[in-house]
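Each chain, written out:
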Amino acid sequence: MSETELKKNIDELLEDVYRSTAERDMDKAMSQLDEAYSIDFDRIELAGHLRVLKFWKERWNRMAEFSGLYEKGDYLLKQWDQFTDWYSANDSEAPEKGIVSLKYMVHSEALGCYEQLHLDDSNDLELLLGIGRCNKVLGNYEKAVSILERGVKNSRENPVILAELADTYALIDEMRGAKIFFREAFYLDPDQVDLNHLESGLIVKLIEKVSGTGIDLKYIKDWLPVYGVIFGVFNIKREMRPIEYGKLKQSIFSLQNEIRQNSENGKLVPRLINRYFWLIDHYISIKEDRKTIDEVLMNIKLLNPSIYRQYIN
């Protein structure tokens, strides 16, 4: 067999592996990959993909230990999170199409578990989040939006589901909703927003730009809403209700005190700046006098002169 024919044969076998994986037939996928590996064990991507299939074969078999559908779906999504961490840490050379087929396998199986539960009359936030997230990953964006909107309606101040809805809005080019809900999610609690689950170009590009500023990666989620405003990404504003304004003022006061008392303020400073941005937006919406706005701007300048200059220019 010529080198060209050999390559074609292995490439065809790999396509079979991806197809079997997506169809959730792990035994068949492993058998097909073993066949390809026996033909040419020097191919780096074959060894890399064999490692990730072995990782999943072990975890796939463990599903039999779970009797409940919700527990099984939850297990799969948690294992996917562990897999992405493991894969990044091990710098594996598996083909991208192989990872995509695994992603489809895991999320389609999890979705099948969730959808057997009584979704129509359920307000279970975790269940709605799981179904919405699976549909988003599988490309069923309209269905994902419908499910996630139900979740947001039931829990308007949950940053996890707000971020998921924002991400899905961005994937269907509903940018107004995406920008509003991303801004809300990061305002409520950046720590709860899992960047690994966000896929839209809107947020991925913002993450890349903020990473390029040299900010310590452990604080990137805290700085994302600040630079989202600076870069004009989070440019959709809304008027605050009186109760929200009261909470905003209270949180600003608390953060100011924490910063005075705490030398480690890597998270506190960006969170306070972001709240100052919200306060300025509120003052502008109610046509507050310029002197009051200038006082807030001065507070930003004292915290971070660079952000102040970028914000006013």
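Everything in this summary refers to the structure shown in the same document. (Residues numbered from 1 in each chain as written. Predicted model: local features only at pLDDT ≥ 70, side-chain atom pairs only at ≥ 80, totals over all residues. Heavy atoms only, no water.)

Right, let's get into the packing of helix α8 (residues 159-171) against helix α9 (residues 175-188). It is the contact of α8 with α9, at a shortest axis distance of 8 Å, that shows an interaxial angle of 155°. Taken together, the axis directions place α8 and α9 in an arrangement best described as roughly antiparallel. The way α8 lies across α9 gives a crossing that is left-handed. Here α8 contributes P159, L162, A163, L165, A166, D167, Y169 and A170 to the contact with α9, which in turn contributes M175, G177, A178, F181, F182, E184, A185 and L188. (Axes fitted to C-alpha atoms, helices over the stretch in contact; angles between N-to-C directions. Helix = DSSP H or I, 4+ residues; strand = E, 2+ residues; numbered from the N terminus. Parallel < 35°, antiparallel > 145°, perpendicular 65-115°, else oblique. Left-handed = near helix turned anticlockwise from the far one by under 90°. Contact = heavy atoms within 4.5 Å.)

As a further point, take the packing of helix α12 (residues 242-261) against helix α13 (residues 268-285). Pairs of packed helices are described in terms of their axes, by the angle between the two and the distance that separates them. Across the interface, α12 lies against α13 with an axial gap of 10 Å and an inter-helix angle of 150°. Note that α12 runs across α13; the crossing there is left-handed. Contact residues: Y245, L248, K249, S251, I252, L255, Q256, E258 and I259 in α12; L268, V269, R271, L272, R275, Y276, W278, L279, H282 and Y283 in α13. Here the contact of α12 with α13 is composed, by residue class, of 12 nonpolar, three polar and four charged. (Nonpolar A, V, L, I, M, F, W, Y, C, P; charged D, E, K, R; others polar.)

A few words now on the pattern of salt bridges. In this structure the tally under the stated criterion is 23 salt bridges. Of the charged contacts, one joins D27 and K57 as a salt bridge, the two residues approaching to 3.1 Å between their closest N and O atoms. Highlighted residues: D27 in helix α2 (residues 26-39) and K57 in helix α3 (residues 44-61), separated in sequence by 30 residues. Taken together, the salt bridges that share partners define one network made up of D189, D191, D222, K267 and R271. (Salt bridge = Lys/Arg side-chain N within 4 Å of Asp/Glu carboxyl O.)

The next point concerns the packing of aromatic side chains. Each aromatic ring pair is specified by the distance between its two centres and by the angle formed by the two planes. What the rule picks out here adds up to 18 aromatic pairs. Ring geometry for W80 versus F83: centroids 5.1 Å apart, planes at 45°, classification tilted. Taken together, the positions of W80 and F83, both in helix α4 (residues 69-90) and three residues apart, correspond to about one turn of that helix. Here the aromatic residues F55, W56, W80, F83, W86 and Y87 are joined through ring pairs into a cluster of three or more. Across the ring face of W278, the terminal group of R183 is positioned such that the distance to the ring centre comes to 4.4 Å. If you follow K209 out to its NZ or CZ, it ends over the ring of F231, 4.1 Å from the centre. (Phe/Tyr/Trp six-rings, centres within 6.5 Å; stacked < 30°, edge-to-face > 60°. Lys NZ or Arg CZ within 6 Å of the ring centre and 35° of its normal.)

A few words on the layout of surface pockets. Put simply, the largest pocket is a space of about 500 Å³. In terms of lining, the largest pocket is formed by 18 residues, of which the most central are W80, T84, I99, K103 and N196. Looking at the lining of the largest pocket, the elements that each hand over two or more residues are α4, α5 (96-114) and α6 (125-137). Classifying every residue of the lining of the largest pocket gives six nonpolar, five polar and seven charged. The calculated volume of the second largest pocket comes to roughly 260 Å³. In terms of lining residues, the second largest pocket is bounded by R156, E157, E184, Y187, L188, R238, M240, R241, E244, K247, S251 and R275. Within the residue set of the lining of the second largest pocket, elements represented by two or more residues are α9 and α12. Tallied by class, the residues present in the lining of the second largest pocket amount to three nonpolar, one polar and eight charged. (1 Å grid on protein atoms, 1.4 Å probe; cavity = no way out; pocket = protein on both sides within 12 Å on 5 of 7 lines; lining within 4 Å. Points joined across faces, edges and corners; volume = space filled by probe spheres on them.)

A word on the environment of L272. Along the chain, the position of L272 falls in helix α13. Judged by its relative accessible area of 2%, L272 falls in the buried class. Residues L272 and L255, spaced 17 residues apart in sequence, show a C-alpha to C-alpha distance of 6.2 Å. L272 has contacts with I252, L255, Q256, I259 and L303, leaving out every residue within four places of it along the chain. (Buried < 20%, exposed > 50% of the residue type's maximum accessible area, 1.4 Å probe, protein only.)

With that settled, consider unusual backbone geometry. Phi angles above zero are rare outside glycine, and R24 is one such case at about 65°. Mapped onto the elements, R24 comes out in the loop between α1 (3-22) and α2.

The next thing to look at is the nonpolar core. In this structure, F182, W223 and I307 are the most contacted members of the largest nonpolar core, which totals 58 residues. For this core, the element with the most residues is α13, which contributes 10 residues. By size, the runner-up hydrophobic cluster in this structure holds 38 residues, among which are F83, A94, L102 and V106. (Core = buried A, V, L, I, M, F, W, Y, C linked by side-chain atoms within 4.5 Å.)

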